Amino acid sequence: MSSIAWRVWLVGIAAGPASIGQQPASVPLRLIQKIPLPGVEGRMDHMSVDVKGQRLFASGLANGTVEVIDLAAGKQVRSISGVKEPEGVLFAPDLNILFVADGEGNAVHAFDGTSFKPLRVTPGLPHSDNLRYDAVAQRLYVGFGDGADAGVGIVEAADGALIGVINLDSHPEAFSFEKKGGRRIFVNVPIGGGVAVIDSGKRRVMMKWPIQEVKNFYPMAFDEANQRLFIGSRRPAKLVVLDTSSGRTMTTLEGASDTDDLFYDPAHKRVYMSGGDGTVRVFAQRDPDHYDVLAKVPTAPGARISLLAAELNRYYVAVPRRGSHSAEIMVFEVEP
């Protein structure tokens with residue numbers, strides 16, 4: 001491939017799904033497989049992975065199902081029903097439990113990780129959405145609610161007891177945990193116009209960093225080693241980089257349009273941003289405050305949900321059904 005053609009492939013936006021057989025020899029994400037999801041209709045939401053068991057869990061929000069994909073076999077093996085509107089999904093390997101946030105059912109469901117039989121339901125969490133897990137404390141954190149009833153719920157993962165709520169002023173989107181230092185929780189609150197910084201010990205909001213340059217900022221990723229928080233926005237399509245020692249915006253870059261997921265890859269010093277425009281924008285981190293657009297990897301229209309499984313060296317993109325093209329999972333290998 002000529003140098004001109006190579007640059008065109010990297011920065012071009014494909015009109016449809018990438019072809020496995022027509023890729024440059026060296027790319028940051030190399031498409032290696034497509035796993036069909038027959039019968040899955042409409043919008044898809046978050047994903048989670050069982051690394052040891054080689055399983056991927058994908059939320060079929062509009063379909064009312066959670067899809068179980070056998071990654072070793074490369075096929076869909078089960079659809080879990082019984083959740084009205086599955087949004088966030090999270091697999092806790094130490095408990096062998098799959099948690100599913102039910103946005104319409106106002107609860108979090110727990111399923112056995114082997115049989116997928118329902119174990120319990122934690123009610124009282126309206127518009128349940130994003131889920132995060134503290135494996136040390138075995139606690140599940142749930143972003144939920146709208147307006148005055150919004151917050152982050154704290155659930156004992158082993159028995160489903162709701163043991164606390166951290167109040168917010170509007171619906172929380174993605175959030176990230178600080179594992180060292182002050183153990184803060186950073187929460188995207190786009191309707192409230194900023195990032196809420198929570199003291200996880202005191203279970204209250206310490207401060208709020210206003211985000212003025214963008215709106216509709218939903219996904220978030222965190223580089224704890226360099227104290228940099230990454231936020232993906234839709235209006236306009238931007239990647240925003242914040243300093244978590246001050247809350248100051250360090251830089252912004254053009255991002256993937258209609259984004260819903262964002263991941264930081266410390267091993268390769270990259271940020272991956274998936275968008276409904278049919279691309280994954282890959283940013284190279286030169287240093288904590290300087291980033292370059294490394295590639296615009298083509299996926300498919302509407303494919304704004306993704307998941308980085310660093311332990312497997314894989315990046316998964318959920319593609320919703322469009323016309324005669326059925327839903328599927330695109331599997332990318334992360335290249336050096």
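Summarised in this report is the structure supplied together with it. Just so we're clear, the structure is a prediction, and the values are computed from it rather than from any experiment.

1. So, the overall build of the chain
Counting its regular elements, the chain contains one helix and 28 strands. In terms of overall size, the chain behaves like a compact globule, its C-alpha atoms giving a radius of gyration of 19 Å where 336 residues would be expected to give roughly 20 Å. Dimensions of the chain along its principal axes, counting C-alpha atoms only, are 60 × 45 × 30 Å. Counting only residues that meet the buried cut, the chain has 54% of its 336 residues in that class. Carbon and sulfur atoms make up 51% of the accessible area of the chain, which totals about 13,600 Å². Of the charged side chains in the chain, 36 are positive and 38 negative, and the gap between their average positions amounts to 2 Å.

2. Some words on the sheet that holds strand β19 (residues 228–235)
Pairing between the strands of a sheet comes from backbone hydrogen bonds, and it takes one of two forms, parallel or antiparallel. Spatial ordering of the open sheet is given by β18-β19-β20-β21, a layout of four strands whose pairing is antiparallel. The open sheet has two free edges, formed respectively by β18 (215–223) and β21 (249–254), since each of these has just one partner strand. Each strand of the sheet is rotated relative to its neighbour by a mean of 20°, with strand direction disregarded.

3. Quick word on the sheet that holds strand β4 (residues 65–70)
Spatial strand order, β2-β3-β4-β5: four strands in an open sheet with antiparallel pairing. Across the chains shown, the open sheet's two edge strands, defined by having one partner strand only, are β2 (47–50) and β5 (75–80). On average, each strand axis in the sheet is inclined to that of its neighbour by 25°, with strand direction left out of account. As paired elements, β4 and β5 share five bridges and run antiparallel to each other. By the bridge assignment, Val66 is partnered in β5 with Ile80.

4. Looking at the pairing of strand β10 (residues 131–134)
Looking down a regular strand, the side chains alternate between one sheet face and the other. Two strands pair when backbone bridges link them, and β10 and strand β11 (residues 139–144) are joined in this way by four bridges, in the antiparallel orientation. Bridged to Leu131 within β11 is Val142. Count of turn residues in the β10/β11 antiparallel hairpin: four residues, of which Gln138 carries a positive phi of about 55°.

5. A few points about the nonpolar core
By size, the foremost hydrophobic cluster in this structure holds 36 residues, and its most contacted members are Leu29, Met47, Leu56, Tyr315, Tyr316 and Ile329. Elements with a minimum of two residues in this core: β1 (29–36), β2, β3 (55–60), β24 (279–287), β25 (290–298), β26 (305–309), β27 (314–319) and β28 (328–334). Ranked by size, the runner-up nonpolar core spans 15 residues in total, among them Leu125, Tyr133, Val142 and Phe144.

6. Thoughts on unusual backbone geometry
It is generally the case that most residues other than glycine have a negative phi and that most peptide bonds are trans. Between Arg235 and the following residue, Pro236, the backbone shows a cis peptide bond with an omega angle of -15°. Assignment of secondary structure puts Pro236 in the loop between β19 and β20 (237–243). A positive phi angle is found at Phe116, which is not glycine, with a value near 65°. Its location among the elements puts Phe116 in the loop between β8 (107–112) and β9 (118–122). Phe116 gets classed as buried once you look at its relative accessible area, which sits at 9%. Although it is not a glycine, Gln227 adopts a positive phi angle of roughly 55°. By the element assignment, Gln227 lies in the loop between β18 and β19.

7. Describing the packing of aromatic side chains
In this structure the tally under the stated criterion is ten aromatic pairs. Seen in terms of ring centroids, Tyr141 and Phe177 are 4.8 Å apart; in terms of plane orientation they differ by 70°. Their pairing is edge-to-face. Residue Tyr141 is found in strand β11, and its partner Phe177 is found in strand β14 (residues 175–177); the two are separated by 36 residues along the sequence. Overall, the relative accessible area of 6% leaves Tyr141 in the buried class. Both rings, one in Phe186 and one in Trp209, keep their centres 5.7 Å apart while their planes meet at 25°; by these two values the pair is stacked.

8. Some details on the pairing of β26
With five of its five residues buried, β26 lies for the most part within the structure. Alternating residues of β26 divide into Ile305, Leu307 and Ala309 and Ser306 and Leu308, and every residue in both groups is buried. Both β26 and β27 contribute to a ladder of five bridges, which runs antiparallel. Its bridge partner lying in β27, Leu307 is registered against Tyr316. Taking the residues between adjacent antiparallel strands as the criterion, β26 and β27 are bridged by four residues, where Asn313 takes a positive phi near 55°.

Conventions and cut-offs
Residues numbered from 1 in each chain as written. Predicted model: local features only at pLDDT ≥ 70, side-chain atom pairs only at ≥ 80, totals over all residues. Heavy atoms only, no water. Helix = DSSP H or I, 4+ residues; strand = E, 2+ residues; numbered from the N terminus. Rg over C-alpha atoms; globule rule 2.2 N^0.38 Å. Buried < 20%, exposed > 50% of the residue type's maximum accessible area, 1.4 Å probe, protein only. Areas by Shrake-Rupley, 256 points an atom, 1.4 Å probe, with all protein chains shown as cover. Lys, Arg positive; Asp, Glu negative; His and termini not counted. Charge placed at Lys NZ, Arg CZ, Asp CG, Glu CD. Pairing = 2+ DSSP bridges. Axes fitted to C-alpha atoms, helices over the stretch in contact; angles between N-to-C directions. Core = buried A, V, L, I, M, F, W, Y, C linked by side-chain atoms within 4.5 Å. Phe/Tyr/Trp six-rings, centres within 6.5 Å; stacked < 30°, edge-to-face > 60°.

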